[in-house]
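As a plain string of letters, each chain reads:
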Amino acid sequence: MIQHSGDIEWKVSNRPVAYEEALAFMEQRAAAIRTGDAGECIWLLEHPPLFTAGTSADPAELFNPLGFPVFNAGRGGRYTYHGPGQRVGYVMLDLEKRGKDIRCFVHALEGWMIDTLAEFGVSAHRAEGRIGIWAGIGPDEAKIGALGVRVKRWVTLHGFALNVAPDLSHFTGIVPCGIAEFGVTSLAKLGKQMPLERVDAALKQSFPSFLNALGSRCKES
């Protein structure tokens, strides 16, 4: 399904998308955005079970007892799991016209995830020194969202992953994002059972705030 929000195209895939297919699309779209041959794009999807390795991935943090495929993602970060029940958002935006500030973009992306989770009554937060989005406090604190981005000629690639109702046991095949001291959670584990369509609607509802935060922070920096 393809929709348009202003000049930004929204793609929503209702079947799991092969990782190679997603990478190829992002590379082609980013190049077309840079040359002005295509508009910006948000792509919401799921992947089959797999692990991705970022540019800082440590092989000692990959166990993979179930033999899931492993892909070099080309984004920042370490190992990340993707699979059914996880809403992945690939964000292809032109930072050349949005402030040319990568840290600002990452901060705004985190805020988008936090605002979306708030729509379901989940109080999520950033954590000093730990990448990702977290829910709970004290011994119950666990990671509910991951992000990893790449910027090529000021066009963003990759994005975020929100744990809606994935098989959390699959995360034991890695040290998620290199953080061994904390667990992983999901909306389902927190008692929030909902279809991906509701998550998509919440992402779209909070998207204008993301764009506003991106613009305002970049102007300040």
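It should be noted that the structure appears before, not after, this text.
Read on for a plain summary of the structure.

1. Topic: the overall build of the protein
Argument step 1. What the protein contains, in helices and strands, is 3 helices and 12 strands.
Argument step 2. On C-alpha atoms alone, the protein measures out to a radius of gyration of 16 Å, which is about the 17 Å that the 2.2 N^0.38 rule sets for 221 residues.
Argument step 3. Dimensions of the protein along its principal axes, counting C-alpha atoms only, are 45 × 35 × 35 Å.
Argument step 4. Of all 221 residues assigned to the protein, the portion counted as buried reaches 52%.
Argument step 5. In the protein, the share of contacts with a sequence separation of at least 24, taken over all contacts with a separation of at least 6, comes to 67%.
Argument step 6. Accessible surface, the protein: about 9900 Å² in total, of which carbon and sulfur atoms supply 52%.

2. Observations regarding the packing of aromatic side chains
Argument step 1. Applying the stated criterion across every chain yields a total of 15 aromatic pairs.
Argument step 2. A centroid spacing of 6.3 Å and a plane angle of 85 degrees characterise the contact between Trp 10 and Trp 112, whose relative ring orientation is edge-to-face. Linking Trp 10 in strand β2 (residues 8–12) with Trp 112 in helix α2 (residues 102–118), this pair joins segments that are 102 residues apart in sequence. For the pair shown, Trp 10 and Trp 112 are each scored as buried.
Argument step 3. Residue Trp 112 is classed as buried on the basis of its relative accessible area, which comes to 1%.
Argument step 4. Among the aromatic side chains, those forming a connected cluster through ring pairs are Trp 10, Phe 105, Trp 112, Phe 160, Phe 207 and Phe 210.
Argument step 5. The ring of Trp 134 is capped by Arg 130, whose NZ or CZ atom sits 4.5 Å from the centre of that ring.
Argument step 6. Looking at Arg 130, its charged tip hangs above the ring of Phe 182, at a distance of 3.9 Å from the centre.

3. Quick look at the nonpolar core
Argument step 1. Of all hydrophobic cores here, the largest spans 36 residues; its most connected members are Ile 42, Phe 105, Leu 109, Trp 112, Phe 160, Leu 187 and Phe 210.
Argument step 2. Broken down by element, this core gets its largest block of residues, 8 residues, from α2.
Argument step 3. Setting aside chain neighbours within four positions, we find Phe 160 in contact with Leu 44, Arg 87, Val 88, Gly 89, Val 91, Leu 109, Trp 112, Met 113, Ala 146, Leu 147 and Leu 203.
Argument step 4. Core analysis: the second largest hydrophobic core is formed by 19 residues, Ala 22, Ala 30, Ala 73 and Met 92 among them.

4. Here we look at empty space enclosed by the protein
Argument step 1. As enumerated under the stated definition, the model contains 3 cavities of 30 Å³ or more in all.
Argument step 2. As for the largest cavity, its lining consists of 14 residues, and the residues nearest its centre are Arg 75, His 82, Gly 148, Gly 159 and Phe 160.
Argument step 3. It is strand β11 (residues 155–163) that contributes the most residues to the lining of the largest cavity, 4 residues altogether.
Argument step 4. Residues that form the lining of the largest cavity fall into these classes: 7 nonpolar, 6 polar and 1 charged.
Argument step 5. Quantified by volume, the second largest cavity comes out at close to 80 Å³.
Argument step 6. For the second largest cavity, the lining is made up of 14 residues, of which Lys 143, Ala 146, Asn 163, Phe 171 and Pro 176 are closest to its centre.
Argument step 7. For the lining of the second largest cavity, the elements supplying multiple residues, two or more each, are β6 (79–82), β10 (142–152) and β11.
Argument step 8. Top contributing element to the lining of the second largest cavity by residue count: β10, with 4 residues.
Argument step 9. Grouping the constituent residues of the lining of the second largest cavity by class yields 9 nonpolar, 4 polar and 1 charged.

5. Some remarks on the pattern of salt bridges
Argument step 1. Throughout the structure, instances matching the rule amount to 12 salt bridges.
Argument step 2. Its salt-bridge partner being Arg 78, residue Glu 61 comes within 2.6 Å of it at the nearest N-O pair. Placement of the pair is Glu 61 in the loop between β4 (50–53) and β5 (70–72) and Arg 78 in the loop between β5 and β6, with a sequence separation of 17 residues.
Argument step 3. With relative accessibility at 10%, the residue Glu 61 sits in the buried group.
Argument step 4. Relative accessible area serves as the criterion here: at 29%, Arg 78 is assigned to the partly exposed category.
Argument step 5. Arg 87 serves as the salt-bridge partner of Asp 200, at 2.7 Å between the closest nitrogen and oxygen. Of this pair, Asp 200 sits in helix α3 (residues 196–220) while Arg 87 sits in strand β7 (residues 86–92), and the two are 113 residues apart along the sequence. For the pair Asp 200 and Arg 87, a shared accessibility class is recorded, and that class is buried.
Argument step 6. Each of the salt bridges in this network shares a partner with another, and the network as a whole consists of Glu 27, Arg 150 and Lys 152.

Rules and cut-offs
Residues numbered from 1 in each chain as written. Predicted model: local features only at pLDDT ≥ 70, side-chain atom pairs only at ≥ 80, totals over all residues. Heavy atoms only, no water. Helix = DSSP H or I, 4+ residues; strand = E, 2+ residues; numbered from the N terminus. Rg over C-alpha atoms; globule rule 2.2 N^0.38 Å. Buried < 20%, exposed > 50% of the residue type's maximum accessible area, 1.4 Å probe, protein only. Contact = heavy atoms within 4.5 Å. Areas by Shrake-Rupley, 256 points an atom, 1.4 Å probe, with all protein chains shown as cover. Phe/Tyr/Trp six-rings, centres within 6.5 Å; stacked < 30°, edge-to-face > 60°. Lys NZ or Arg CZ within 6 Å of the ring centre and 35° of its normal. Core = buried A, V, L, I, M, F, W, Y, C linked by side-chain atoms within 4.5 Å. 1 Å grid on protein atoms, 1.4 Å probe; cavity = no way out; pocket = protein on both sides within 12 Å on 5 of 7 lines; lining within 4 Å. Points joined across faces, edges and corners; volume = space filled by probe spheres on them. Nonpolar A, V, L, I, M, F, W, Y, C, P; charged D, E, K, R; others polar. Salt bridge = Lys/Arg side-chain N within 4 Å of Asp/Glu carboxyl O.

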